[in-house]
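Residue strings, one per chain:
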Amino acid sequence: SATHHVTLIRGLIEVTPAFPLQVGAQHCVWHGECGQSIKVPEKKYNCRYTGPPVPLEPDGYQLLTELCPGLDYDNRSLCCDAAQLRTLKGSLELPLQFLSRCPACFFNLMTLFCELTCSPRQSLFVNATKFNASNVVEVQYYIGQTFTNAMYNACKDVQAPSSNVPALSLLCGKDAKACNATNWIQYMFSTDNGQTPFPIIPIFSDDPVSGFTPMDNQTFGCTEGLEDGSGPCSCQDCSKACGPKPQPPPLPPPWTILGMDAMVVIMWIAYVAFLLVFAGAVVGVWCYRKRTIMSEYGPILDSNNPLSLNGDDPANASCCETLGERFESALRSLFSSWGSFCVRRPLPVILGSLALVAASSAGLVYMRITTDPVELWSAASSQARQEKDYFDSHFGPFFRSTQLIITTTLNDPFMYSPYLGGSDVPFTSVLGKEVLHQVLDLQLAIEGLVATYEGEDVTLKDVCLAPLAPYNNNCTILSVLNYFQNSHAMLDHEIGDGFWVYADFHSHFLYCVSAPASLNDTTMLHDPCLGTFGGPVFPWLALGGYDETNYNNATALVITFPLNNYLNDSVREGKALAWEKEFIGFMKNFSNPNLTVAFSAERSVEDEINRESDSDISTIVISYAIMFLYISLALGHIQSFRRILVDSKISLGIAGILIVLTSVSSSLGIFSYAGVPLTLIVIEVIPFLVLAVGVDNIFIIVQTYQRDERMPQEELHQQIGRILGDIAPSLFLSSFSETVAFFLGALSSMPAVRTFSLFAGLAVFIDFLLQISCFVSLLGLDARRQEGNRPDIFCCAKLPATQETRTEGFLFRFFKKAYAPFVLKEWVRPVVVAVFVGMLSFSIATVNKVEIGLDQKLSMPDDSYVLQYFEKLSQFLHTGAPVYFVVEDGLNYSSPDGQNAVCGGVGCNNDSLVQQVYSASLISNYTTIAYTPSSWLDDYFDWVKPQSTCCRYYNSSGEFCNASGETGSDTSGRREKTSCTSCPCSSQTTPMPSVEKGEGHAAYATAVDLYPNNTGVGATYFMTYHTILKESADYIDALRMARVLAGNISQAMGHRVFCLFVSKAAGVSNIRPAGHVRSNSGFANS
C-alpha cells in the first residue's frame, strides 16, 4: 500500500547520502540530519559530510546492534549518528512487518539500507550528486546486480498473512507479478511514491562503474539459516524450501469395459442373460401346460363368475394361506358390519367425524411455519449444523449481504494513453467516467435510504458493517467507487495543464487495482485507494467479467453492502430486514437507460419463495376445482339425459374433496399441537398427494357400488356393508402401507423430509378413516336419494319415476373386453415382463449418472428479479466462496508446540495448519483451495517482534508500551514472557498511521474468541477462499475436499479442526469482515 511504500521509502530517504564527488574508502558522504525536505516536509535531508567515519554515540549502540549488527565492531565508527539510526528503524517498520517472516530476506534488505545509511565504506558505492547548502538532495547508489537478484529471490515468495498476497505486492508499488529485482529497489528509492524526501538513484552492476565499486555484500538465500541462529524461511515464504510441488493424485480412470461404460455393459450382459433364461423357462412351461392343462384365464371373460380365478382346494392350503384367509375373513366381516352401521346411522357418524376433524384442526392456531433454509435442510445433529452452531456461538453469525451487479447498455470502449509513456490501456464502457458517475449516484441513493421499523427510522449506518467503529463509522461498501472515496469530486480529480492530462481517474484506477490498500497512489494525484471504511476494496470483489488480472477489461461493476447479522436479537435483525425491504422496493423502481442492474438482498430468496407460495394458493384452488369437476362427472353413472340430475354425483364429489381437505387440516393441526413446525413443502405438496390417494379410494368405493347388483331380500345398508367388506381390506392394506412408508421417511435426519413424511403419513391415514366412515354414510344417503328419484343437490324435489336400464361405461368395457384379455395372452405376458426388466436394467445402468445437488434458480418464480441476479452472478463471478478452518477451543497458543502446529512462518511445523492449507492452494485445481489462509497468529508474531515500534499497552496500567522494551524473545521474535499484553492487544488494536500491524480490530476482531477478561485465546479461525464454484456439484466437491484437508490438519495437530464452508452466492459471502476488511486495513492506515 502507499503507506507501506511510503514508510519504507521514508527510511531509505531519510538515511540517504549526499555526495558530489567520489571520496576514498573509509570516508562518508553524509552524517547526521539537517533541514526539512521540500518534497516531504515532515522528513529531513541528511547533512553533507565528506570526512572519515565518526564514532557512534553511546545512545545508538543498542539500535546499531538491533538493526545493523554487521557494523557493530571496533569503536563503531560510522557515517551515521543515532538520529539517523532511529529514522532508519522507523522507516523499516513496514518491511519488518512483512518481510521478517523470512529472516534471510529481511537480513538482505537490512544490509541494503545499513550499507547505504551507515557504512564506513560509504564513499565506495554512494555518490552525492546534488546539494542544497549543507543538505544532500540527490545521490547515486551503486548496487551489485548479484546482490540485487539475491535479495529479490529471497523475498519474492514471502506472504502477507492477513491479505493472502505476496508481500511485494504491498512494497513494490505494483502487483507482485510485475515486480522484479530492479524495479522493486527503484520504487523504494523513487520520489514518485510521495514519501522519499530526495531522489536515490540506484545503479545496478557487478563491475566498477565510473570509479565506484558496487555494494555487493554477502547475502543469504531463503533456504539458508543466518549466523545468529535464525532458521531458513518456511515453505510458505520460500518456494525453494518446499521441495517438489505437491502433485494431486491422478483422477480415477472411468470404469470401462471394452471402451464402454462398465455399468452399461454389465447391465446389458445381465439383461441378455435374463432374456435367455427367461425365454427358455417360458418355452418349457408353455410346452408343459399345453400338454396338461388349459388356460386358467378363460373365466376373465365372464365377470359374473363368482368364483375366484385362483381358487384352490382348501384342503391343500398351507398354514400361511390359512392364516391369511382367516385374517381376510375377519377384516371382511369387520368392514361389512361397519359399513352397514354407517349407512344405518349416518347422522352420528357424520357428526362424530366433523367433531373429530374440528378438534384436530383447532391445533392450527399453534401452527408455526419454518422458512429458514438451515432449519429446513440441516438436521440439528448433522455435522454441518453442529459446526455452524459452534462457529456462530464463538464468532457470531455470518453477516447479511446486499449486492448489485451492474452492466451498461452502452458500447463505447476507449483507449487510455498514460502520460508518462507505456502501452495504451483499453477500458470497457462500464469503466467510462459518465457511467461511473451514474453508478455513484445510484450508490449514494442507496446509502441514503431510510426504512421504518416499529415507528423508528432505520438507515444504512444503523445496520451496516463498520469494522473500525467507533473510530470510523463509515459503512463497508465494496465498490470500485470507493477507490475514489465515493465522491464525485475525487472521480473528477485530475492533474494537467492546458495541453496534457498527467493523471486522472484512469491512472488512479490502474494503480488501485494493483495496490488497493494504498493510502497514496504514485501518480501525480496522490489520492488514496483505501476505502472510506478503513479497508481495501479488492478488485476481484468489485469487478466482474474481466480476463486474468486485466481489470480494465471488466464488463460489470459489483457493489456489495455487508450488513451486520445478529444471533438471538430480533430487534436489530428486524431493523436489518426493514432496511433490506426498503432497498428491494427502491431497486424494483429504479430505472436508468444506460445501466442494467441485477440485485439481491439477504432476504430476497426467502421473500421470493414466500411469494411463490402465496401464488400457489390459486394453483391449489384451481387444481381442486378441476378435480371436483372431474369427480362429479366421472362418479355419476348417467343412464340417460333425462336422469342426469338424478344420476350425477356433484354433492358426493364435493364431500369427497372436503374429506381430503379436512384430512390435511387434521394432520396439520395434530402435529401443531405437538409443536412440530410446518414447512412450505407440507402446505403446497400434501394437499395434492392426499387428493391423489383419496380420489383413488372414492372411485373404488362408488364404482364398485354402481356395478354391484343387490341380492334378493338385501337392504341398502347390507349391500353397502357387503361391498365395503369386499374392498375395504384392500383399501386398508394399501393406505396402511402408504402411511407406514411415509412414517419410515420420517427416520430421515433432514428436517424438511422428516416433517413432510410425518404430515403426509398421518394425512393419508386420516383420509382413509374418513372415507370408510363419513364418506360411506354420505354414499348411503346419496343412494337413497337416487333410489327415491330425487335430483342431486336439490334433493327435496322428486322427479317422476322412469325405467332404469343398467349399462356399462366405455372404460369398463375397454379394460374388460380388450385390454385385460390382450395383456393376459400367453405370448404377451412374457413380453411385458421382458420390457419391464429391460426398463429396470436401463435405470440401474444410468443411476450413477444422476448428479447430486439442486440449481437454486429452480426454487425461484419465473418472474423473480433474483433469477436475473443468479444469471449475472454466474456470468461475472470471479471469486469462490470463503472457507473457514476453525481450531476448536483448547489449543495452548502460549506454548511453542501449540504455536508451531498452527503458524506458517519460520520455525513452524511443515505440516502446520497454515502450511497444509498453503500446500493445498498450490494444487487448487484439485483441492479447490485458492489462496493461503489469513493467519492472525503469524501477524501477531510480526507485531511483537523486538524491532517493532507498534503501540501496545501494559497489562497493569493500560498505558502503551513498546515492543523494544520487552524481554524474553526467541530467535523468531515470539514472546514467552512479556510485560505488555499478548494476543488480546493485537486483536483489539485499531489501525493508526504509526501502527503497521495493529490492524487486529479490523482484520481479526471476530477471528479470535478470547476467554473472559482476555485471559487467553479460545477458538480461532483461519480463512481462505475456494476457487470459482458455479454448479451444485462444484460446491459439494469443494466441501468434500475442505473436509478432507481439515481431517488431515486435525490428525497432524492432535487437535480438532473443522472447516466451515459458506455457500452463499460467491462474491457476496466473500466479504466477511475478517475475510475482506482483514486484508490490509491496518497496513494501509500505517
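Residues numbered from 1 in each chain as written. Predicted model: local features only at pLDDT ≥ 70, side-chain atom pairs only at ≥ 80, totals over all residues. Heavy atoms only, no water.

Caption draft 1: Highlighting the overall build of the chain. Counting secondary structure elements, the chain contains 36 helices and 29 strands. Residues counted as buried form 51% of the 1086 residues belonging to the chain. Partitioning the contacts of the chain with sequence separation of at least 6, the portion at a separation of at least 24 is 72%. Roughly 48,500 Å² of accessible area belongs to the chain as shown, and the carbon and sulfur atoms make up 59% of that amount. (Helix = DSSP H or I, 4+ residues; strand = E, 2+ residues; numbered from the N terminus. Buried < 20%, exposed > 50% of the residue type's maximum accessible area, 1.4 Å probe, protein only. Contact = heavy atoms within 4.5 Å. Areas by Shrake-Rupley, 256 points an atom, 1.4 Å probe, with all protein chains shown as cover.)

Caption draft 2: Layout of the pairing of strand 5 (residues 126-132). In this sheet, strand 6 (residues 135-143) lies alongside strand 5 in antiparallel orientation, the contact comprising 6 bridges. If you follow N132 over to strand 6, its bridge partner there is N135. What sits between the antiparallel neighbours strand 5 and strand 6 is a turn of 2 residues, in which A133 has the positive phi angle 60°. (Pairing = 2+ DSSP bridges.)

Caption draft 3: Here's a closer look at the nonpolar core. One finds L404, F509, L543 and F583 to be the most contacted residues of the largest nonpolar core, which totals 71 residues. A per-element tally of this core places helix 28 (residues 865-876) first, with 7 residues. Of all hydrophobic cores here, the second largest spans 68 residues; its members include A104, C105, V126 and C238. (Core = buried A, V, L, I, M, F, W, Y, C linked by side-chain atoms within 4.5 Å.)

Caption draft 4: The packing of helix 10 (residues 319-344) against helix 24 (residues 716-745), seen in detail. The interhelical angle for the contact between helix 10 and helix 24, taken along N-to-C directions, is 135°, at an axis separation of 7 Å. In terms of orientation, helix 10 lies oblique with respect to helix 24. Our pair here, helix 10 against helix 24, has a crossing hand that is right-handed. Across the interface between the two elements, L331, R332, F335, S336, W338, G339, S340, V343 and R344 of helix 10 pack against L716, H717, Q718, I720, G721, R722, L724, G725, D726, A728, P729 and F732 of helix 24. Here the contact of helix 10 with helix 24 is composed, by residue class, of 10 nonpolar, 7 polar and 4 charged. (Axes fitted to C-alpha atoms, helices over the stretch in contact; angles between N-to-C directions. Parallel < 35°, antiparallel > 145°, perpendicular 65-115°, else oblique. Left-handed = near helix turned anticlockwise from the far one by under 90°. Nonpolar A, V, L, I, M, F, W, Y, C, P; charged D, E, K, R; others polar.)

Caption draft 5: Molecular detail of the state of the cysteines. Per the stated rule, a full pass over the model turns up 12 disulfides. Each disulfide pairs two cysteine sulfurs, and for C222 the partner residue is C238, the sulfurs being separated by 1.9 Å. Measuring handedness by torsion sign, the sulfur bridge of C222 and C238 sits at about 50° and is right-handed. Of this pair, C222 sits in the loop between strand 9 (200-204) and strand 10 (256-257) while C238 sits in the loop between strand 9 and strand 10, and the two are 16 residues apart along the sequence. (Disulfide = S-S within 2.5 Å.)

Caption draft 6: Main features of a nonpolar patch on the surface. A cluster of nonpolar side chains, F822, W827, V831, V832, V835, F836 and M839, forms an exposed patch at the surface whose accessible area comes to about 710 Å². Looking at the nonpolar patch element by element, the count peaks at 5 residues for helix 27 (residues 828-846). By the secondary structure assignment, F822 is in helix 26 (residues 810-823). Looking at F822, the relative accessible area reads 42%, which means it is partly exposed. (Patch = residues over 30% accessible without salt bridge, like charges linked within 9 Å, V, L, I, M, F, W, Y side chains within 5 Å. Salt bridge = Lys/Arg side-chain N within 4 Å of Asp/Glu carboxyl O.)

Caption draft 7: Representation of the side chain of N108 within the structure. Structurally, N108 can be placed in helix 5 (residues 103-118). Classification of N108 by relative accessible area gives buried; the value is 0%. Here N108 is in contact with F147, A150, M151, A154, Q218, T219 and F220, once residues within four sequence places are set aside.

Caption draft 8: Quick peek at the sheet that holds strand 24 (residues 882-887). Here 4 strands make up an open sheet; going across it, the order is 27-28-24-29 and the pairing antiparallel. Each having just a single partner strand, strand 27 (1008-1010) and strand 29 (1057-1061) make up the two edges of the open sheet. Taken pair by pair, the neighbouring strands of this sheet meet at an average axis angle of 20°, ignoring direction. As paired strands, strand 24 and strand 29 are joined by 5 bridges and run antiparallel to one another. Looking at strand 29, one finds that F885 is bridged to C1059.

Caption draft 9: Molecular detail of the pairing of strand 17 (residues 456-459). Pairing geometry for strand 16 (residues 450-453) and strand 17, over 4 bridges, is antiparallel. Residue pairing for strand 17: Y453 is matched across the bridge by E456. Where strand 16 folds back onto strand 17 in an antiparallel hairpin, the turn is made up of 2 residues, including E454, whose phi is positive at roughly 50°.

Caption draft 10: Inspection of the sheet that holds strand 21 (residues 556-563) at higher detail. Strands sit in the order 20-21-13-22 across an open sheet of 4 strands; the sheet is antiparallel. Looking at which strands have only one partner, the edges of the open sheet turn out to be strand 20 (543-544) and strand 22 (595-600). In the packing of helix 19 (residues 570-588) onto the sheet, the strands contacted are strand 13 (400-408), strand 21 and strand 22, and the crossing angle to strand 13 comes to about 15°.

Caption draft 11: Representation of the packing of aromatic side chains in the model. Following the criterion strictly, the structure yields 42 aromatic pairs and no others. Judged by centre distance (4.7 Å) and plane angle (10°), the rings of F538 and W540 are stacked. Residue F538 is classed as buried on the basis of its relative accessible area, which comes to 4%. When its relative accessible area of 18% is taken as the criterion, W540 is described as buried. Grouped by ring-pair contacts, the aromatic residues F335, F732, F736, F765 and F768 constitute a single cluster. Of note, R48 hangs over the ring of F131, and the distance from its end group to the ring centre comes to 4.0 Å. The side chain of R76 reaches across the aromatic face of Y61, ending 3.9 Å from its centre. (Phe/Tyr/Trp six-rings, centres within 6.5 Å; stacked < 30°, edge-to-face > 60°. Lys NZ or Arg CZ within 6 Å of the ring centre and 35° of its normal.)

Caption draft 12: Quick peek at the side chain of R785. If you trace the backbone, R785 turns up in helix 25 (residues 751-787). Relative accessible area serves as the criterion here: at 7%, R785 is assigned to the buried category. One polar contact links R785 to D782, side chain to side chain, over a distance of 3.1 Å. (Polar contact = N/O pair within 3.5 Å; in protein donor to acceptor, adjacent residues only side chain to side chain.)

Caption draft 13: Summary view of the pattern of salt bridges. Under the definition given, this model contains 25 salt bridges. A salt bridge links R332 to E328, with the shortest nitrogen-to-oxygen separation between them at 3.2 Å. Within this pair, R332 and its partner E328 are both found in helix 10, separated by 4 residues, close to a single helical turn. Residue R1040 is joined to D1037 by a salt bridge in which the shortest nitrogen-to-oxygen separation is 2.4 Å. With R1040 and D1037 both in helix 35 (residues 1032-1053) and 3 residues apart, the pair spans about one turn of that helix. With relative accessibility at 27%, the residue D1037 sits in the partly exposed group.

Caption draft 14: Spotlight on the UniProt feature "transmembrane region" (unreviewed entry) in the chain. Feature annotation in UniProt places "transmembrane region" (unreviewed entry) on residues 255-288, 347-367, 617-638, 650-674, 680-702, 723-744, 756-781 and 827-847, given in this structure's numbering. Structurally, residues 650-674 is divided into 96% helix and 0% strand, and its ends, taken at the C-alpha atoms, are 37 Å apart. Structurally, residues 723-744 is divided into 100% helix and 0% strand, and its ends, taken at the C-alpha atoms, are 32 Å apart. (UniProt positions renumbered as here; feature names shortened; annotations may be inferred.)

Caption draft 15: Quick look at the environment of Q443. Along the chain, Q443 falls in helix 14 (residues 433-447). We classify Q443 as buried; its relative accessible area is 0%. Those residues within four positions of Q443 in sequence are excluded, and the remaining contacts are I477, S479, L481, N486, I559 and F561. Engagement of the side chain of Q443 in a polar contact is seen with the side chain of S479, the distance being 2.8 Å.

Caption draft 16: Spatial organisation of helix 28. Look at helix 28: 17 Å from first C-alpha to last across 12 residues, which is about the 16 Å you get at 1.5 Å a residue. For helix 28, the full list of buried residues reads Y865, V866, L867, Y869, F870, K872, L873 and F876. Capping the start of helix 28 is the job of one residue whose side-chain oxygen sits 3.1 Å from the backbone nitrogen of V866: S864. (Expected span 1.5 Å × (residues − 1).)

Caption draft 17: Fine view of helix 3 (residues 82-91). Judged by how many residues are buried, helix 3 sits mostly within the fold: 7 of 10 residues are covered. Residues of helix 3 that are buried: A82, Q84, L85, T87, L88, K89 and S91. Looking at where helix 3 begins, the residue whose side-chain oxygen comes 3.2 Å from the main-chain nitrogen of A83 is D81.

Caption draft 18: Spatial organisation of the confidence of the model for the chain. Residues with a pLDDT of 70 or more make up 84% of the chain, whose mean pLDDT is 81. Looking over the chain, one finds the lowest element-wise mean pLDDT in helix 36 (residues 1081-1084), namely 26, and the highest in helix 14, namely 95. Note on residues 1-24: pLDDT under 50 across the span, and 140 contacts to partners over four residues away in sequence or across chains. Ignoring residues within four places in sequence, the model shows residues 1065-1086, a span with pLDDT below 50, making 130 contacts including any to other chains. (pLDDT = per-residue confidence, 0-100.)

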